[in-house]
Amino acid sequence: MSAFQKRAWRFNLLLAAVVWAGWLLFGGQFALHSIVKNWQVALTMIFGSLVGGGTSEGGGAVAFPVFTKVLHIPAAEARVFAFAIQSIGMTAASISILYLKIPIEKRVLAWAGGAGILGLLLSTFFIVPHVPAPLVKISFTVMVSSLAVALLVMNRREGNYRNLLCPVWGAREKLLIVAAGLIGGLMSGLVGCGENIVTFMVMVLLFRVSEKVVTPTTVILMTMVTLVGFALHAFVVKDFPPKVEGYWLAAVPIVCVGAPLGALICSMLTRRTIANILIGLITMEFVSTIVLIPMSCAVALTAGGTLVISGLLNWWMSRVQLYRPKDEPKQRTKDQVGSAWASGSAS
């Protein structure tokens, strides 16, 4: 085990110990009882926390579909839980990413973060009350399904060529990132995640930035939106009932370990492996939606139209040549991003 990996393990264990102590202090006997009573939630978040810390989907991307499709928890409760549990897991992962100095694109955080929070506020107060529950469940599936197709096309055509950062950073690029943040915030207001996914699409498909940089960047970005979202629902909207609090307490000791571990595992994977994991997760999400969610004709048509539009946008982004790496021989080295710290030379 390298020096970097040892330092990562020590820090993540210390972080988990702090969260566990706070969890016991806050919840006491109720916290312990919540794990037994809501063991399905705890089990779900073992996988969800690894996904949340290690990919651009967020823990809510696992929690929301499992809760609504398998455990039959109302979409509104699943959305609030996603914010609540991501406020622990993704915050822990973000702290780990920053402490270990895993490469991120800081400029994107600055421009997409505020836009995402604005989108979250608009969605919570003006969109969510008017959207039917089946459409809420399906909208997330539609968005990420178009990403899977675009990733497949790009990986087959471009091999391992990727930028290490956004290659051009002018007014147009800032506007695109702000737009992605705003749309992602609107989506996050509906299902508890989405800020990270929309920004991931733009950074990977359009700007051709490596998934190994984009993934930790979007984890931190989603954390920013999540903390505001949880505070909004807990103290302003006040729809964080004792039942959802029980789900949350059952999952807290799981995600504070799983999310930083997911971030560490992701840092050791190749960018193609990260993309393949995302494609696999999205495929399962798409199939489960088709099988488990009853759709009216209107919902099916809306979902189909949204899929076509988002698919065309993703296809267009993958075809734009402006941001394609210019110096391809230097980009040819596989997984150049972060190779120094991944091999243990980072300090």
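Above: the structure in question.
Residues numbered from 1 in each chain as written. Predicted model: local features only at pLDDT ≥ 70, side-chain atom pairs only at ≥ 80, totals over all residues. Heavy atoms only, no water.

Undergrad: Hey, could you run me through the packing of helix H8 (residues 195-206) against helix H9 (residues 211-237) in this one?
TA: When two helices pack together, their arrangement is given by the angle between their axes and by how far apart the axes lie. Interaxial distance between H8 and H9 falls to 9 Å at its minimum, and their mutual angle equals 150 degrees. With respect to each other, H8 and H9 are oriented roughly antiparallel. Crossing of H8 over H9 shows right-handed handedness. Within the contact between the two elements, H8 uses Glu195, Asn196, Thr199, Phe200, Met203 and Val204 and H9 uses Glu211, Val214, Thr215, Thr217, Thr218, Leu221, Met222 and Val225. Split by residue class, the contact of H8 with H9 holds seven nonpolar, five polar and two charged. (Axes fitted to C-alpha atoms, helices over the stretch in contact; angles between N-to-C directions. Helix = DSSP H or I, 4+ residues; strand = E, 2+ residues; numbered from the N terminus. Parallel < 35°, antiparallel > 145°, perpendicular 65-115°, else oblique. Left-handed = near helix turned anticlockwise from the far one by under 90°. Contact = heavy atoms within 4.5 Å. Nonpolar A, V, L, I, M, F, W, Y, C, P; charged D, E, K, R; others polar.)

Undergrad: Please explain the environment of Asn12 as it appears in this structure.
TA: Checked against the element boundaries, Asn12 lands in helix H1 (residues 3-37). We classify Asn12 as buried; its relative accessible area is 8%. Note: C-alpha distance between Asn12 and Ser310 (298 residues apart in sequence) is 37 Å. Residue contacts for Asn12: discarding those within four places in its chain leaves Ser96, Pro260 and Leu264. (Buried < 20%, exposed > 50% of the residue type's maximum accessible area, 1.4 Å probe, protein only.)

Undergrad: I tried to follow the packing of aromatic side chains on my own but got confused; where do I start?
TA: Each aromatic ring pair is specified by the distance between its two centres and by the angle formed by the two planes. On inspection of all chains with the given rule, the structure shows nine aromatic pairs. When the centroid spacing of 6.0 Å and the interplanar angle of 75 degrees are considered together, the rings of Phe26 and Trp248 count as edge-to-face. Highlighted residues: Phe26 in helix H1 and Trp248 in helix H10 (residues 242-268), separated in sequence by 222 residues. By relative accessible area, which is 54% here, Phe26 ends up exposed. Look at Trp248 and you get buried, because its relative accessible area is 11%. A network of ring pairs unites the aromatic residues Phe26, Phe230, Phe240 and Trp248 as a single cluster. (Phe/Tyr/Trp six-rings, centres within 6.5 Å; stacked < 30°, edge-to-face > 60°.)

Undergrad: Help me understand the packing of helix H4 (residues 75-99) against H9, please; the structure alone is not making it clear to me.
TA: Between H4 and H9, the least distance of the axes is 8 Å, while the angle of their chain directions is 140 degrees. Classified by the interaxial angle, the pair formed by H4 and H9 is oblique. Both H4 and H9 take part in a crossing whose hand is left-handed. Residues Arg79, Val80, Phe83, Ala84, Gln86, Ser87, Met90, Thr91, Ala93, Ser94, Ile97 and Leu98 of H4 pack against Pro216, Val219, Ile220, Met222, Thr223, Val225, Thr226, Leu227, Gly229, Phe230 and His233 of H9. Residues of the contact of H4 with H9, tallied by class, amount to 14 nonpolar, eight polar and one charged.

Undergrad: Where do I start with the nonpolar core in this structure?
TA: One broad trend across soluble globular proteins is that nonpolar side chains are buried collectively. By size, the foremost hydrophobic cluster in this structure holds 83 residues, and its most contacted members are Phe81 and Trp248. The residues contacting Phe81, other than those within four sequence positions of it, are Val41, Met45, Ala63, Phe67, Val244, Tyr247, Trp248 and Ala251. Core analysis: the next-biggest nonpolar cluster, separate from the first, contains five residues, Ile138, Ile293, Val299 and Ala303 among them. (Core = buried A, V, L, I, M, F, W, Y, C linked by side-chain atoms within 4.5 Å.)

Undergrad: I would appreciate a short explanation of the layout of surface pockets in the present structure.
TA: Vacant regions in the atomic arrangement are exposed by a probe of water-molecule size rolled over the atoms. A volume near 690 Å³ is recorded for the largest pocket. Those elements giving two or more residues to the lining of the largest pocket turn out to be helix H6 (133-158), helix H7 (171-191), H8 and helix H12 (297-319). The dominant element in the lining of the largest pocket, judged by the number of residues it contributes, is H12, at nine residues. Of the residues contributing to the lining of the largest pocket, the split by class is 22 nonpolar, six polar and no charged. In this structure, the second largest pocket spans a volume of roughly 240 Å³. Around the second largest pocket, the lining comprises 14 residues; the ones closest to its centre are Pro65, Val66, Leu281, Met284 and Glu285. Listing elements by their share of the lining of the second largest pocket, those giving two or more residues are helix H3 (60-70) and helix H11 (271-292). With six residues, H3 is the single largest residue contributor to the lining of the second largest pocket. (1 Å grid on protein atoms, 1.4 Å probe; cavity = no way out; pocket = protein on both sides within 12 Å on 5 of 7 lines; lining within 4 Å. Points joined across faces, edges and corners; volume = space filled by probe spheres on them.)

Undergrad: Got a minute to help me understand H12 in this structure?
TA: Residues three or four positions apart in an α-helix share a direction because the helix packs 3.6 residues into each turn. Taking 1.5 Å as the rise per residue, H12 with 23 residues should run 33 Å; its terminal C-alpha atoms sit 33 Å apart, in good agreement. Where H12 is concerned, the buried positions are Val299, Ala303, Ser310, Asn314, Met317 and Ser318. (Expected span 1.5 Å × (residues − 1).)

Undergrad: I tried to follow the pattern of salt bridges on my own but got confused; where do I start?
TA: Pairing is possible between side chains of opposite charge, provided their charged atoms come close. In total, this model carries four salt bridges according to the counting rule given. Between Lys243 and Glu77 there is a salt bridge; the shortest N-O distance is 3.4 Å. Remark: Glu77 occurs in helix H4 and Lys243 occurs in helix H10; sequence separation between them is 166 residues. Ionic pairing is found between Arg162 and Glu211, a salt bridge with its closest N-O pair at 3.7 Å. (Salt bridge = Lys/Arg side-chain N within 4 Å of Asp/Glu carboxyl O.)

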